[in-house]
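# Tertiary structure, described
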Amino acid sequence: MTNDWEEIYQRAKEKWEALEASPIHIRIGTPTCGRAAGALDTLKEFREKLEKEGIQGQITEVGCMGLCFAEPLVIISKPEIGLPPICYRNVTYQEVKRLVDGFILGDDPCLELALGTLDLTEDAAPYIPEMLRFEIEERLVLRNCGYIDPQDIDHYIARGGYLSLRKALGMSPEQIIDEVSKAGLRGRGGAGFPTGRKWDLCRSTKNEMKYIICNADEGDPGAFMDRVVLESDPHSMIEGMIIAAYAVGAYEGFIYTRMEYPLVLDRLEQALMQAREYGLLGEDIFGSGFSFDIETVAGAGAFVCGEETAMIASIEGRRGMPRPRPPYPAEYGLNGEPTVVDNVKTLALVARIMGTGAKGFRSIGTPSSPGTAVFALAGRIEQIGLVEVPMGTTLRQVIFDVGGGVPEGRELKAIQIGGPAGGCVGKEALDLPVDFDSFKAAGAIMGSGGMIVLDENNCMVETARFFLDFLAREECGKCIMGRLGIKQLSLILEEIVRGNGREEDLNLLEEISKDLAEGALCNLGRTAPNPILTTLRYFRDEYEAHIKEKRCPALVCKDLIAYYILPERCERGCEHCVLTCPTEAIVSDEKTRTKRIQQDKCVKCGTCLEICPPEYNAVIKVSPPDRIKELEAKIGG
């Protein structure tokens, strides 16, 4: 254990340079997304194969580069043959032998498995030149993700880590707050509140005890930005958190995450332990006289605990429920003391701002929203994963140039932004720039960065129902508007997708939404109507089709569709659908041997559609279900 920074820094640099110069260096991504795709089996296979072949290679477990669609991701460096590192996609354990025999033992780079080569930007962020997305992305938060070992603090230090903290501790707290304010940093947790103003409010209070909380309670469906950052580069957030604590005068900090993120908890505990060993946490950090330490708190996974006052209640050991504001936590927070609550990405950007300066940060993004935005791309999109783009990049660029567009040539229908209480915008909003104010004007919110792409096969009424159902289940029940308003909206949507909607329901949805937005206790309740209001704004015709025609245009809502076998396409010798139907609803005509679905027995599971061989493609969905009678009448049924 030592707190001699020069010695620590020099040793870390030498360790990193030795690793980079290794004749064989294999980076394997083992974050949660990689593990789900089999990365631990790939890792095991590489280790066994190298040992068996007697190869003196280095294997490093790294985090996620954001290319979740390509996991398990493997990067192999073999500098002696004069090629740059090569990045391989979807490397399961079966591909390991091919890579070891072909590239590591031989000189065949196995390009059929390659995603591209790996290079570094001027800022030393890794990128793949062969992928268009990296021409648009600007990686500030994700700079180290997928490139360093998150379990080794020396990797972070060797790439400039904790130099921003060292610089900050040589400044006055007021100078730091001024620098963050000049940078125009706005909170990346969703609200976009100016970070410098929040810090200044907390610092100006006279209390001796103050706290910093990192909000890592990521509960939005389809969102995984904070998880990836903490699994891949935890020290970037920790460094920003220490700077924030010094700026506002806090001596204790908490990272609030959820038990559903076990790898995050492991990585954080390890990172905090290493920071303490190097004297970066604890007493007299860098000999500055400033002392600070951090604890982790694992919540039970309640969505409402993402709201800062509910989170504070949970840390205090009480049930996680929000309270009225003001006073805001910056004045009256944890244990009644001034408390700053910042998101993971906000704190990671603080370390970057202190490194590059406010001017450098402001050179990226838009005047009102400087810097970058990190999004988790999910849903109907080719390249599922994380992206980090400058604020002001259009949704079109994010979806098509970075995310690769909608798979299988299907048509983009909508983009759901900002989590379950965010909003859905239609394809006419594709040229909308990504920033806090533009999203708000379009009726959506930035949220913490979840972005779900929907295509022509998604029903917008069902999408709104899904998110309202989620919010109703996660609602804490403290305020009447939240408890009854969200539930009522959910019940009305439930009736509409079942075909029981009434024309007056649309006005009722809008009236309740307006009351909820004005009367709910917390932001989660006030923003809950967003999925309804935005889908009504952009897709009102779908609501009207459900109510007036009892028809689901996207053929999704179960009560409004029926399955039908086209006799002219049905292959008479084929029995796939008959044999797999779980309710024996499909029968063969004794004379023609064509198949027919008995509608009174059909449970609409869709098995017949899935099992019908693509060369026949005989099973279709129709809506409304009454159309079956017309179709059967045409063939004399």
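For the structure itself, look to the data block above.
Right, let's walk through the structure included here. Owing to the predicted nature of the structure, the values given are computational and were not obtained by experimental measurement.

It is worth spelling out the side chain of R186 at this point. Turning to its location among the elements, R186 is positioned in the loop between helix 8 (173–183) and helix 9 (195–203). Looking at R186, its side chain comes within polar contact range of the side chain of D437, at 3.5 Å. Ignoring any residue separated from it by four or fewer positions in sequence, one finds R186 in contact with G192, F193, P194, T195, S368, S369, F436 and D437.

Relative to each other, helix 10 (residues 225–232) and helix 12 (residues 262–277) sit at 40 degrees, their axes nearing to 8 Å. Our classification of the angle between helix 10 and helix 12 gives oblique. For the element pair helix 10 and helix 12, the recorded crossing hand is left-handed. From helix 10, R227, L230 and E231 reach across to helix 12, where they touch L263, V264, R267 and L268. Across the contact of helix 10 with helix 12, the residue classes tally to four nonpolar, no polar and three charged.

Moving on: the sheet that holds strand 1 (residues 25–29). Read across the sheet, five strands follow the order 2-1-3-4-5 without closing on themselves; strand pairing throughout is mixed. Looking at the sheet topology across the chains shown, the edges are occupied by strand 2 (58–62) and strand 5 (114–117). Direction aside, the axes of adjacent strands within the sheet are offset by 20 degrees on average. Relative to strand 3 (residues 74–77), strand 1 runs antiparallel, the two being bridged by four bridges.

This part is about the pairing of strand 13 (residues 385–390). In terms of burial, strand 13 is a largely internal element, six of the six residues being buried. Bridge count between strand 12 (residues 372–379) and strand 13: six bridges; the pairing is antiparallel. If you follow V374 over to strand 13, its bridge partner there is E388.

Here the structure, examined in full by the defined rule, presents five cavities of 30 Å³ or more. Considering only enclosed or pocket space, the largest cavity measures out at about 130 Å³ in volume. If you go around the largest cavity, you meet 14 residues; those closest to its centre are V304, E475, C476, L524 and G525. Contributions of two or more residues to the lining of the largest cavity are made by helix 18 (460–474) and helix 21 (523–527).

Attention now goes to the pattern of salt bridges. Within this structure, the stated rule accounts for 45 salt bridges. A salt bridge links E6 to R166, with the shortest nitrogen-to-oxygen separation between them at 3.6 Å. Taken together, the positions of E6 in helix 1 (residues 5–20) and R166 in helix 7 (residues 163–168) put the pair 160 residues apart, joining distant regions of the chain. For D123, the salt bridge identified is with R352, shortest N-O distance 2.4 Å. Of the two residues, D123 is situated in the loop between strand 6 (119–120) and strand 7 (126–127) and R352 in helix 14 (residues 344–356); the sequence distance between them amounts to 229 residues. By relative accessible area, which is 30% here, D123 ends up partly exposed. What emerges from the salt-bridge pattern is a single network uniting E462, R465, E494, E495 and R498.

This part takes up the packing of aromatic side chains. Considering all chains together, one arrives at 11 aromatic pairs under this definition. Measuring from centroid to centroid gives 5.2 Å for F466 and F467, while their planes differ by 75 degrees, and the two rings are edge-to-face. Looking at F466, the relative accessible area reads 42%, which means it is partly exposed. Pairwise contacts between aromatic rings join Y246, Y251, F290 and F292 into one cluster. Sitting over the ring of F134, R133 keeps its end group 5.8 Å from the ring centre.

Sheet architecture is open: five strands sit in the order 13-12-16-14-15, paired in mixed fashion. Edge positions in the sheet fall to strand 13 and strand 15 (423–426), since each of these pairs with one other strand and no more. With direction set aside, neighbouring strand axes in the sheet form an average angle of 30 degrees. As paired elements, strand 12 and strand 16 (residues 450–455) share four bridges and run parallel to each other. Residue pairing across strands places G379 opposite V453, the latter belonging to strand 16. The sheet strands contacting helix 10 are strand 12, strand 13 and strand 16, and the helix crosses strand 12 at an angle near 110 degrees.

Conventions and cut-offs
Residues numbered from 1 in each chain as written. Predicted model: local features only at pLDDT ≥ 70, side-chain atom pairs only at ≥ 80, totals over all residues. Heavy atoms only, no water. Helix = DSSP H or I, 4+ residues; strand = E, 2+ residues; numbered from the N terminus. Polar contact = N/O pair within 3.5 Å; in protein donor to acceptor, adjacent residues only side chain to side chain. Contact = heavy atoms within 4.5 Å. Axes fitted to C-alpha atoms, helices over the stretch in contact; angles between N-to-C directions. Parallel < 35°, antiparallel > 145°, perpendicular 65-115°, else oblique. Left-handed = near helix turned anticlockwise from the far one by under 90°. Nonpolar A, V, L, I, M, F, W, Y, C, P; charged D, E, K, R; others polar. Pairing = 2+ DSSP bridges. Buried < 20%, exposed > 50% of the residue type's maximum accessible area, 1.4 Å probe, protein only. 1 Å grid on protein atoms, 1.4 Å probe; cavity = no way out; pocket = protein on both sides within 12 Å on 5 of 7 lines; lining within 4 Å. Points joined across faces, edges and corners; volume = space filled by probe spheres on them. Salt bridge = Lys/Arg side-chain N within 4 Å of Asp/Glu carboxyl O. Phe/Tyr/Trp six-rings, centres within 6.5 Å; stacked < 30°, edge-to-face > 60°. Lys NZ or Arg CZ within 6 Å of the ring centre and 35° of its normal.

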